[in-house]
Every structure is written in structure tokens, then in C-alpha cells.
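Close look at the chain arrangement
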Amino acid sequence: RQTDRLGLVVFAGESYLQCPLTVDYNILRMLLRGVSINMGGTIPDGTAIGMAIATGANRLRHSDAESKVMILLTDGSNSAGIIDPLTAARAAKQVGVKVYAVGVGVQGRAPIRVHDPFFGDRVEFIDDSLNEEILQQIADITGGEFHRATSLASLEAIYERINQMERTE
């Protein structure tokens, strides 16, 4: 994107604004590079999808942009937070935010790299817990779309598709 204001909401067991809406893409990239799975223990474990949608929609609600788009990128099912994802999606729709939900990862058991202070870095296998049905409902409610990314190439293709669909002057 060349002139769009972009922001970043980070979430696990809670959500918070990592970067407010900006056209300074260098700052956004720098802040994105600082995001990690652990985040230094600053965010409780879990997946607060409803909170992430609410945080993003709250930042976009006062925007005068013709198109307000949120990309919800998640590898899990809602397991935390005080706001239900479908309630958050309905609220996002009320303020004109369209959510493109992108589920990442493979179905079944997936390898993840973890850092253990005692045993060092290692790979553990977890069961995929992505709730595609909820993500599809979120997209439907807000007028967006749901996509499943199983590789970096498919994720890049999804972002390009969204990029082409959401063009305004």
C-alpha cells in the first residue's frame, strides 16, 4: 500500500495496540519485527479474537476513510477475553469495519518452535485448534471473507487478493 494508514493490534490472551494508524511504514515494520509468540511474557496466553476485533474496530471507528478494513490473522480458536468474537464482529459492522479473517497453519498436528530457558530451543507438536466456522461467521457478518493459509506462499496470495479487492482513491 502506498498511502493507506495501517495499524497493528497484537493479541494472545488479551489484545493491545502495537502501532496506531500511520503512513510511516518503516515504523510499522519495526514494530512488527518486535512481535513474537512470547512477547516477553507481557501478554497472557490464549487467543482473544473478540478482543482483537474490538480493539481494531475501536481504532477505526472514527476514521473518515471510505474503506475501513481489518485483517484478522490467527492460528487459534477464541479461548480468552471478555468479548465474544461474533459480538465484536457485529460491533465492527456497526462502525463500518470489514473483517478479512485469515486462519494460518496446517490441519492436524503442527510443529511450533518454543524456547525453554532450561533446555533451549526445541520443536513441540500441538493440535490445530483453528475454528474456521467462527472465522467464516466473522467475515460474513462484516462483509469480509475468510481464507485459510497453509504456507507462506498462500498467505502472500491471500494478502494480494485482499489488496486488489480493497482499492479506493
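Here goes a summary of the coordinates provided. (Residues numbered from 1 in each chain as written. Predicted model: local features only at pLDDT ≥ 70, side-chain atom pairs only at ≥ 80, totals over all residues. Heavy atoms only, no water.)

**A closer look at the overall build of the chain**
The condition is simple: In DSSP terms, a helix is any run of H or I states spanning at least four residues, a strand is any run of E spanning at least two, and both are numbered starting from the N terminus. Each residue's exposure class comes from its accessible area (1.4 Å probe, protein chains only) as a fraction of the maximum for that residue type: buried when under 20%, exposed when over 50%, partly exposed otherwise. The contact definition used throughout considers only heavy atoms, calling two residues in contact when any of these lie within 4.5 Å.
When helices and strands are tallied, the chain shows five helices and seven strands. The order of α-helices and β-strands along the chain, N terminus first, is β-β-α-α-β-α-β-β-β-α-β-α. Split into buried and exposed, the 169 residues of the chain put 34% on the buried side. The long-range fraction of contacts in the chain, counting pairs at least 24 apart against all pairs at least 6 apart in sequence, stands at 67%.

**Details of the sheet that holds strand 3 (residues 68-74)**
Picture the strands of a sheet paired through backbone hydrogen bonds; they go either parallel or antiparallel. Keep this limit in mind: We call two strands paired when DSSP finds no fewer than two bridges between them. Throughout, an axis means a line fitted to C-alpha atoms (over the contacting stretch in the case of helices), and angles, computed between N-to-C directions, take values from 0 to 180 degrees.
Ordered in space as 3-4-7, the three strands form an open sheet in which the pairing is parallel. Each edge of the sheet is formed by a strand with only one pairing partner; in this case those strands are strand 3 and strand 7 (146-149). The sheet shows a mean angle of 20° between the axes of neighbouring strands, taken without regard to direction. In this structure, strand 3 lies alongside strand 4 (residues 97-104), joined through seven bridges in parallel fashion. Pairing of Met70 across the sheet is with Val99, part of strand 4.

**Structural notes on helix 2 (residues 49-60)**
Stated precisely, the cut-off is as follows: How far a helix is expected to stretch is found by multiplying one less than its residue total by 1.5 Å.
Between the first and last C-alpha of helix 2 there are 17 Å, a value that for twelve residues agrees with the 16 Å anticipated at 1.5 Å per step. Most of helix 2 sits inside the fold, with nine of its twelve residues counted as buried. All buried positions along helix 2 are accounted for by Ile49, Gly50, Met51, Ala52, Ile53, Thr55, Gly56, Ala57 and Leu60. Looking at the buried side of helix 2, the elements it contacts are strand 1 (6-11), strand 2 (15-22), strand 3, helix 3 (85-94), strand 4 and helix 4 (132-142).

**Quick word on the nonpolar core**
Inclusion rule: Residues grouped as a nonpolar core are buried Ala, Val, Leu, Ile, Met, Phe, Trp, Tyr and Cys residues, joined through side-chain atoms within 4.5 Å.
The biggest cluster of nonpolar side chains holds 19 residues, and the ones touching the most others in it are Ile53, Leu72, Val97, Leu135 and Ile138. Put simply, the parts of the chain that give this core at least two residues each are helix 2, strand 3, helix 3, strand 4 and helix 4. Not counting residues within four places of it along the chain, the set of residues in contact with Ile138 comprises Ile49, Ile53, Leu72, Pro85, Leu86, Ala89 and Val99. Judged by nonpolar contacts, the second largest core, of six residues, contains Tyr100, Ala149, Ile158 and Ile162.

**Overview of the side chain of Ser15**
What counts, and what does not: Polar contacts here mean pairs of N or O atoms no more than 3.5 Å apart (in protein, one a potential hydrogen donor and the other a potential acceptor; neighbouring residues in sequence count only if both atoms are side-chain atoms).
In this structure, Ser15 sits in strand 2. The exposure class of Ser15 is buried, given its relative accessible area of 16%. Within the local environment of Ser15, its side chain forms a polar contact with the side chain of Thr55, the two groups lying 2.6 Å apart. Leave out the neighbours within four places in its chain, and Ser15 touches Val9, Val10, Met51, Ala52 and Thr55.

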